[in-house]
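Take a look at the letters that make up each chain.
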Amino acid sequence: LYCGFFTGFLDSVSFVECIFTIRPGFPVFSELITVGVGGSLINHDTLIVANAGAEGLVIEGSFENHGKLVITEALHTGLSIKSSGTVINLGRLEIDSIDATGIGLEGSAVLINEGFIDIVSQYNRYGIYDDENGSTLNATGAMINIYGGYPFASAINIDGQLTNEGDIHLFRGDFTGLGKLSNNGNIIMDNPLDDPCLLYTSPSPRDRTRYRMPSSA
């Protein structure tokens, strides 16, 4: 059910079982957007979510980004994907969460990146945190850059599934979690306290098995 489009400044928006769009030439600024179950938000321009409370953009339905999404100053999680929520990034996603986790996945949430993601998360917060059975795909030609909350939190914590076919560059922090990593691309760890290293460049037997990732200690 198409319900309309957003434009201009939105204080706080929450909807379910509706499709809303952000049209080209009509940028949107908001403090909080919640896309509930059955809802869908499609961005074709610029969406800025700032000065939020605990979370900035909450997805329990679906979100497609064809333009630019900027999330900043959330207190807990910049982009929160919950339950069976799905986020597909085809454009540019920038999260400067400061004292918050950049992207959080709960339950069977899905994150698909076919564009560019840049996350800066400091202090004791993660870049990407999947604490259950979520699924993250970084597609061929896609890029994820993360400055994690090292040394208090890792850049990526995966307890679900991470499939990488593109490039992942960890400028600060490392991998943690009990999840499954399938890698057919490049993962580079460039911790400022250590020498840069190329973590994975091609599939190996352990890429397709469940294993315990190294701790951030």
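In what follows, the structure referred to is the one given above.
Bear in mind the structure is a predicted one, so any value in this text is a computation, not a measurement.

Draft legend 1. Expanded view of the overall build of the chain. Helix and strand content of the chain: zero helices and 25 strands. The buried share among the 217 residues of the chain stands at 53%. Counting contacts in the chain only where the partners sit at least 6 residues apart, residues at least 24 apart contribute 47% of the total. With an accessible surface of roughly 9,200 Å², the chain has 54% of that area assigned to carbon and sulfur atoms.

Draft legend 2. Structural detail: the sheet that holds strand E17 (residues 135-138). Strand order in the open sheet formed by nine strands is E1-E3-E5-E8-E11-E14-E17-E20-E23, and the pairing between neighbours is parallel. The outermost strands of the open sheet, each flanked by one partner alone, are strand E1 (2-6) and strand E23 (180-183). Across the sheet, the mean angle from the axis of one strand to that of its neighbour is 10°, orientation sign disregarded. One ladder, built from four bridges, connects strand E20 (residues 161-164) with E23; its direction is parallel. Residue Thr163 lies in a different strand from E23, and its bridge partner there is Ser182.

Draft legend 3. The state of the cysteines, seen in detail. Across all of its chains, the model carries one disulfide by this definition. The side chain of Cys3 participates in a disulfide bridge whose partner is Cys18; the two sulfur atoms lie 2.0 Å from each other. Across the S-S bond of Cys3 and Cys18 the torsion is about -70°, and the bridge reads as left-handed. Here Cys18 lies in the loop between strand E2 (8-15) and strand E3 (19-22) and Cys3 lies in strand E1, a separation of 15 residues in the sequence. Cys3 sits in the partly exposed class, given a relative accessible area of 31%.

Draft legend 4. Structural view of the environment of Ile144. Looking at the secondary structure, you find Ile144 in strand E18 (residues 143-147). Of the residues examined, Ile144 reaches a relative accessible area of 2% and is grouped as buried. Measuring from C-alpha to C-alpha, the distance between Ile144 and Leu170 comes to 8.3 Å, with 26 residues separating the pair along the chain. Excluding its chain neighbours within four sequence positions, the residues that come into contact with Ile144 are Asn113, Ile117, Asn138, Asp167, Ile168 and His169.

The rules behind the values
- Residues numbered from 1 in each chain as written.
- Predicted model: local features only at pLDDT ≥ 70, side-chain atom pairs only at ≥ 80, totals over all residues.
- Heavy atoms only, no water.
- Helix = DSSP H or I, 4+ residues; strand = E, 2+ residues; numbered from the N terminus.
- Buried < 20%, exposed > 50% of the residue type's maximum accessible area, 1.4 Å probe, protein only.
- Contact = heavy atoms within 4.5 Å.
- Areas by Shrake-Rupley, 256 points an atom, 1.4 Å probe, with all protein chains shown as cover.
- Pairing = 2+ DSSP bridges.
- Axes fitted to C-alpha atoms, helices over the stretch in contact; angles between N-to-C directions.
- Disulfide = S-S within 2.5 Å.

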